[in-house]
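# Structural features, examined
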Amino acid sequence: MPRRSAAVYRRRRLVVVIGLILLVAAIGVGIWLLIAKPWAAADASPKPTSSSSETPTTTPTDSESPSPSPSAEQTPAIVACEANDVEVAAVTDAETYAAGVLPKLSISLTNKGTEDCTLDVGSTTQVFTISSGADVWWRSTDCQENPSSMIATLTAGTTVTSKDPVTWDRTRSSVETCDQENRQRAPGGGASYHVEVSIGGFTSVTTTQILLY
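Residues numbered from 1 in each chain as written. Predicted model: local features only at pLDDT ≥ 70, side-chain atom pairs only at ≥ 80, totals over all residues. Heavy atoms only, no water.

### Some words on the pattern of salt bridges
All chains considered together, the criterion is met by two salt bridges. Aspartate 135 is the partner of arginine 172 in a salt bridge, and the nearest nitrogen-oxygen pair spans 2.9 Å. Separated by 37 residues along the polypeptide, arginine 172 in the loop between β9 (166–167) and β10 (191–199) and aspartate 135 in strand β6 (residues 135–139) bring together distant segments of the chain. (Salt bridge = Lys/Arg side-chain N within 4 Å of Asp/Glu carboxyl O. Helix = DSSP H or I, 4+ residues; strand = E, 2+ residues; numbered from the N terminus.)

If you want it as structure tokens, here you go:
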């Protein structure tokens, strides 16, 4: 068997050394791939991070909660008048009336209570009634035109009187005879008549007497 030259041995050793180097390099690359996993960054979805622009949600403490502003003091509402507090009376401009003179009738209201109260004093709620004994001669509502409402405040402990009187034409009234010119006239000669009034559902306790001549 012929002896190989030294050059052949050197080439073989070089091939072995290069192979060992390549093997070591391959093993090192494999270990790095297992540890580093460079594909994970490309394949995995990035985890969300908090943004500095987001408004943090906080639970307000007692010191942060706004203090309620003080409410304005409420003025108590004025209540409607009650029967026990109001005294109603019919007022006439005279006690006796000569022939041809027409009686003018007004209303007196007294708040006997200790608190102010409200009452509808409009013509819608006013009723004057004139009687002679048991015979009712006239009611102001029989031929009333354009009645109206007016809420007024009655001050406690004061008396007020209506400013615009109602005139009795000294005739007998009824809703059927409002347009008649020759209605029955009330007798004079000193005849006695009594005036009663109610307003807002409150009726005068007593009547006011007048004499017609």
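### Looking at the state of the cysteines
Two cysteines whose sulfur atoms are joined by a covalent bond form what is called a disulfide. Applying the stated criterion across every chain yields a total of two disulfides. Put simply, cysteine 81 and cysteine 117 are joined by a disulfide, and their sulfur atoms are 2.0 Å apart. Here the disulfide of cysteine 81 and cysteine 117 is right-handed, its torsion about the S-S bond being about 85°. Note that cysteine 81 is positioned in the loop between α2 (40–43) and β1 (86–92) and cysteine 117 in strand β4 (residues 117–120), a separation of 36 residues in sequence. The same class applies to cysteine 81 and to cysteine 117, which are both buried. Sequential numbering of the bridged cysteines in the chain gives the disulfide pattern 1-2, 3-4. (Disulfide = S-S within 2.5 Å. Buried < 20%, exposed > 50% of the residue type's maximum accessible area, 1.4 Å probe, protein only.)

### So, unusual backbone geometry
Positioned with a positive phi, asparagine 146 is a non-glycine residue whose angle comes to about 50°. Along the chain, asparagine 146 falls in the loop between β6 and β7 (151–154). Classification of asparagine 146 by relative accessible area gives exposed; the value is 71%. You will see that arginine 170, though not glycine, has its phi angle at about 60°, which is positive. Residue placement: arginine 170 occurs in the loop between β9 and β10.

### Description of a nonpolar patch on the surface
On the surface, Leu14, Ile18 and Leu22 cluster together to form a nonpolar patch covering roughly 300 Å² of accessible area. Tracing the backbone through its elements, the reader meets leucine 14 in helix α1 (residues 6–36). The exposed category is assigned to leucine 14, whose relative accessible area is 51%. (Patch = residues over 30% accessible without salt bridge, like charges linked within 9 Å, V, L, I, M, F, W, Y side chains within 5 Å. Areas by Shrake-Rupley, 256 points an atom, 1.4 Å probe, with all protein chains shown as cover.)

### Re the confidence of the model for the chain
Taken as a whole, the chain shows an average pLDDT of 81; of its residues, 69% reach a score of 70 or greater. The low-confidence segment residues 36–72, where pLDDT is below 50, has six contacts with residues more than four positions distant or belonging to other chains. (pLDDT = per-residue confidence, 0-100. Contact = heavy atoms within 4.5 Å.)

### Considerations on the packing of aromatic side chains
Within the structure shown, the criterion is met by three aromatic pairs. Centre to centre, the rings of tryptophan 138 and tryptophan 168 are 6.5 Å apart; their planes meet at 40°, and the pair counts as tilted. Residue tryptophan 138 is found in strand β6, and its partner tryptophan 168 is found in the loop between β9 and β10; the two are separated by 30 residues along the sequence. Across the pair, tryptophan 168 and tryptophan 138 agree in class, each one buried. When the ring of tryptophan 168 is compared with that of tyrosine 193, the centres are 5.5 Å apart and the planes differ by 65°; the resulting orientation is edge-to-face. With tryptophan 168 in the loop between β9 and β10 and tyrosine 193 in strand β10, this residue pair connects regions lying 25 residues apart in the sequence. Tyrosine 193 matches tryptophan 168 in its accessibility class, with the two residues each being buried. An aromatic cluster is built from Trp137, Trp138, Trp168 and Tyr193, whose rings are joined through pairwise contacts. (Phe/Tyr/Trp six-rings, centres within 6.5 Å; stacked < 30°, edge-to-face > 60°.)

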